Amino acid sequence: MATKSTDTATREVRATAKYVRVSPSKARLVVDLIRNKTVAQAFDILHFCDRAVAVDVEKVLRSAVANAENNNGMRAADLVVKYTYVDEGPTLKRIRPRAKGSASRILKRTSHITVVVAPGKEA
């Protein structure tokens, strides 16, 4: 986890977790819940969400808020989750032995989770 960048024109701050071992479709279900919410609401939603990927999304959100506070001097109470998206990472390909000497493929998918926060009036 750990890229940060800032767009000075719109005062957006982002954080990205790369190569998270969860399929992008499962991660998108959780990420869609927090889009356009305040940071406090997003933390509440993620805390009570019972999907495993919610822990990883919460870490990325915490990182984005910390980047905004420490690098840009923004207040966490004023921030809104402006964008959240999940990109597909590389797929690990594994083989499972099957009957009569054949094999089937197992695809272990990875995700890149990105959260962008901005001050409330701009989001």
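Residues numbered from 1 in each chain as written. Predicted model: local features only at pLDDT ≥ 70, side-chain atom pairs only at ≥ 80, totals over all residues. Heavy atoms only, no water.

## Overview of the packing of aromatic side chains
The description of two aromatic rings rests on the distance between their centres and on the angle between their planes. Here the structure, examined in full by the defined rule, presents 0 aromatic pairs. Taking NZ or CZ as reference, Arg62 lies 4.5 Å from the ring centre of Phe43, over its face. (Phe/Tyr/Trp six-rings, centres within 6.5 Å; stacked < 30°, edge-to-face > 60°. Lys NZ or Arg CZ within 6 Å of the ring centre and 35° of its normal.)

## A closer look at the nonpolar core
Counting 29 residues, the largest nonpolar core has Val57, Leu61, Ile113 and Val117 as the members making the most contacts within it. Elements represented by at least two residues in this core include exactly strand E2 (12-20), helix H1 (24-34), helix H2 (39-48), helix H3 (53-72), strand E3 (79-88) and strand E6 (111-119). Sorting elements by how many residues they give to this core places H3 first, with 8 residues. Residues within four places of Val57 in sequence aside, it is in contact with Val30, Val31, Ile34, Leu46 and Ile113. (Core = buried A, V, L, I, M, F, W, Y, C linked by side-chain atoms within 4.5 Å. Buried < 20%, exposed > 50% of the residue type's maximum accessible area, 1.4 Å probe, protein only. Helix = DSSP H or I, 4+ residues; strand = E, 2+ residues; numbered from the N terminus. Contact = heavy atoms within 4.5 Å.)

## Some points on H1
Pro24, Ala27, Val30, Val31 and Ile34 are the residues of H1 that are buried. All buried residues of H1 lie within an arc of 125° about the axis, which places them on one face of the element. Check the buried side of H1 and you find it contacts H2, H3, E3 and E6. The positive-phi residue at the C-terminal boundary of H1 is Asn36, with phi of around 65°. (Arc of directions from axis to C-beta.)

## A closer look at the side chain of His112
Relative to the assigned elements, His112 resides in strand E6. Looking at His112, the relative accessible area reads 14%, which means it is buried. Of the polar contacts made by the side chain of His112, one reaches the backbone nitrogen of Tyr19; its length is 3.1 Å. Those residues in contact with His112, other than ones at most four positions away along the chain, are Ala17, Lys18, Tyr19, Tyr85, Val86, Asp87, Glu88, Gly89 and Pro90. (Polar contact = N/O pair within 3.5 Å; in protein donor to acceptor, adjacent residues only side chain to side chain.)

## A short note on the pairing of strand E5 (residues 103-108)
Sheet topology places strand E4 (residues 92-97) next to E5; 6 bridges connect them, and they run antiparallel. From the neighbouring strand, Lys93 faces E5, where its bridge partner is Leu107. The loop that links E4 with its antiparallel partner E5 comprises 5 residues; one of these, Lys100, has a positive phi angle of about 60°. (Pairing = 2+ DSSP bridges.)

## Things to note about the pattern of salt bridges
With the rule as written, the count across this model stands at 5 salt bridges. Across the salt bridge formed by Arg35 and Asp32, the nearest N and O atoms sit 2.9 Å from each other. Residue class for Arg35 comes out partly exposed when judged on its relative accessible area of 30%. The closest approach of N and O atoms between Arg75 and Asp78, which form a salt bridge, is 3.4 Å. By relative accessible area, which is 38% here, Asp78 ends up partly exposed. (Salt bridge = Lys/Arg side-chain N within 4 Å of Asp/Glu carboxyl O.)

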